Amino acid sequence: MRGSNQKILLMMVLVVLATARGEETGGGFVTWANNYYLTWGHQALVINKTSELHLTLDHNSGSGFESQLIYGSGYFNVRIKAPQTKSTGVITSFYLISRSSRHDELCFQILGRNGSPYLLNTNMYLYGVGGKDQRFRLWFDPTKDYHSYSLLWNPNQLVFYVDDTPIRVYRKNPNVYYPSVQTMFLMGSVKNGSVIDPKQMTYVAKFQASKIEGCKTDFMGIDKCTDPSFWWNRKQLSSKEKKLYINARKMYLDYDYCSDRQRYPKVPQECGSYS
């Protein structure tokens, strides 16, 4: 919720590069600014004032942030260094989420791990219905260095990227629901998903300033964000990206809900919308 008692503004700076649509877009290199606020948990610790944001998980609480800006489409890239932990319950997340009772959500979740490989879960909520998990074995240790986690969201497709590799692609299909009717906020968090080792407390998830290029709008103003003049609305996978995508699915896919007949005896309708 966005109550006044929760609006603890982060003391930061926003740099916006010029875009084709000026006032209708939020774009460019983003440093942590008062365009983000702490939604719950511990006061965020900003390092170097502009480049790093630390979120803390301890015995009492995790923590999370949310953007003040609302978006209707765009390309959202956040660099994350996950906490070093052997506890599988420590979950570091970055996601886009709408604000309605039947919300849309696009989510990255870096899962804690007792040994390699670390797992990255991706999930979607479509009009309030979740459980659409696709999980990947990461080909690097996400606790050792920063890596990019990006979401391309436009009226035609959703693409989840890890660094420059697309790992999940969901295309608009006229026969099923597609998340292009609700605006969304950008959020990040670190939380306790299950059982964690108290001896390892405190955990710190680090978020680094990165590229946020999106159509800034108001709560009900998604229609103006379908304009093809925005580069992200024209974006298609290049031939190189298609090869990376095929290889990533072949080499690193650990779980796909569309193939889980025990959980879903009937293939979910939207599974035909994946590339």
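Residues numbered from 1 in each chain as written. Predicted model: local features only at pLDDT ≥ 70, side-chain atom pairs only at ≥ 80, totals over all residues. Heavy atoms only, no water.

Asks: Help me out: how do you make sense of the pairing of strand E17 (residues 203-208) in this one?
Replies: The two faces of the sheet receive side chains in turn, since in a regular strand these alternate between them. Sheet analysis places strand E6 (residues 52-57) next to E17, joined by six bridges and oriented antiparallel. Looking at E17, one finds that Leu57 is bridged to Tyr203. In terms of strand pairing, strand E8 (residues 70-81) meets E17 through three bridges, oriented antiparallel. Bridge pairing links Ile80 to Phe207 in E17. (Pairing = 2+ DSSP bridges. Helix = DSSP H or I, 4+ residues; strand = E, 2+ residues; numbered from the N terminus.)

Asks: It is not clear to me how the pairing of strand E16 (residues 185-192) should be interpreted in this structure. Could you clarify?
Replies: Burial analysis of E16 places six of its eight residues in the buried class, the great majority of the element. Of the pairings in the sheet, the one linking strand E7 (residues 63-67) to E16 comprises four bridges and is antiparallel in character. Paired with Ser63 across the strands is Val190, a residue of E16. Pairing of strand E9 (residues 90-97) with E16, which is carried by eight bridges, proceeds in the antiparallel orientation. When the sheet's bridge partners are listed, Ser93 is paired in E16 with Ser189. (Buried < 20%, exposed > 50% of the residue type's maximum accessible area, 1.4 Å probe, protein only.)

Asks: Help me understand the environment of His103, please; the structure alone is not making it clear to me.
Replies: Structurally, the position occupied by His103 is in the loop between E9 and strand E10 (105-111). In this structure the C-alpha to C-alpha distance between His103 and Tyr125, which are 22 residues apart in sequence, comes to 6.8 Å. At 3.2 Å, the side chain of His103 forms a polar contact with the side chain of Glu105. (Polar contact = N/O pair within 3.5 Å; in protein donor to acceptor, adjacent residues only side chain to side chain.)

Asks: Explain the state of the cysteines here, please?
Replies: Note: disulfide means a covalent bond formed between the sulfur atoms of two cysteine side chains. One pass over the structure, following the stated rule, counts two disulfides. In this model Cys215 forms its disulfide with Cys225; the gap between the sulfur atoms is 2.1 Å. Its S-S torsion of about -70° marks the bond between Cys215 and Cys225 as left-handed, since a negative value means left-handed. Here Cys215, found in strand E18 (residues 210-217), pairs with Cys225, found in the loop between E18 and helix H1 (231-234); they are ten residues apart in sequence, far enough to count as distant. A single burial state applies to Cys215 and to Cys225, both of which are buried. In this model Cys258 forms its disulfide with Cys271; the gap between the sulfur atoms is 2.0 Å. Taking the sign of the S-S torsion, -90° for the link of Cys258 and Cys271, the bridge is left-handed. With Cys258 in the segment after strand E19 (253-256) and Cys271 in the segment after E19, the pair connects residues that are 13 residues apart, well separated along the chain. You'll find Cys258 and Cys271 in the same group, each marked buried. (Disulfide = S-S within 2.5 Å.)

Asks: Quick question: what am I supposed to make of the nonpolar core here?
Replies: Across soluble globular proteins, nonpolar side chains have a tendency to be buried as a group. Formed by 49 residues in total, the largest nonpolar core has its most connected members in Phe94, Leu106, Phe108, Tyr149 and Trp153. Ranked by the residues each element gives to this core, the list is headed by E8, at four residues. If we skip the residues at most four places from it in the chain, Phe94 touches Phe76, Val78, Ile80, Leu106, Cys107, Phe108, Tyr149, Leu151, Leu186, Met187 and Gly188. Counting residues in each nonpolar core, the second largest holds eleven residues, with Val159, Cys215, Phe230 and Leu237 among its members. (Core = buried A, V, L, I, M, F, W, Y, C linked by side-chain atoms within 4.5 Å. Contact = heavy atoms within 4.5 Å.)

Asks: Sorry, what's going on with the side chain of Glu105 here?
Replies: Topologically, Glu105 is positioned in strand E10. Residues in contact with Glu105, not counting those within four places in the same chain, are Tyr95, Leu96, Ile97, Asn123, Met124 and Tyr125.

Asks: Explanation requested: the pattern of salt bridges in the structure shown.
Replies: It is possible for side chains of opposite charge to pair when their charged atoms get near one another. Summed over all chains, the structure comprises eight salt bridges. Ionic pairing is found between Glu66 and Arg99, a salt bridge with its closest N-O pair at 2.5 Å. Of this pair, Glu66 sits in strand E7 while Arg99 sits in the loop between E9 and E10, placing them 33 residues apart in sequence. The exposure class assigned to Glu66 is buried, which follows from its relative accessible area of 0%. Notably, a salt bridge pairs Lys211 with Glu213, separated by 3.8 Å at the nearest N-O pair. For Lys211, a relative accessible area of 32% corresponds to the partly exposed category. The network of salt bridges with common partners includes Arg135, Arg137 and Asp254. (Salt bridge = Lys/Arg side-chain N within 4 Å of Asp/Glu carboxyl O.)

Asks: So what exactly am I meant to see when it comes to helix H2 (residues 239-252) here?
Replies: Working note: α-helix, 3.6 residues per turn, so residues spaced by three or four point in the same direction. Here H2 contains 14 residues, and its C-alpha end-to-end distance of 20 Å stays within 8% of the 20 Å for a straight helix at 1.5 Å per residue. For H2, every residue scored as buried is listed here: Glu241, Tyr245, Ala248 and Arg249. Seen from one end, H2 has its buried residues packed into an arc of 95°, which puts them on one side. Residues of H2 that are exposed and point over 90 degrees away from its buried face: Ser239, Lys240, Lys243, Ile246 and Lys250. (Expected span 1.5 Å × (residues − 1). Arc of directions from axis to C-beta.)

Asks: What exactly am I supposed to notice about the side chain of Ser273 here?
Replies: Relative to the helices and strands, Ser273 resides in the segment after E19. On the basis of relative accessible area, Ser273 is assigned to the buried category, the value being 4%.

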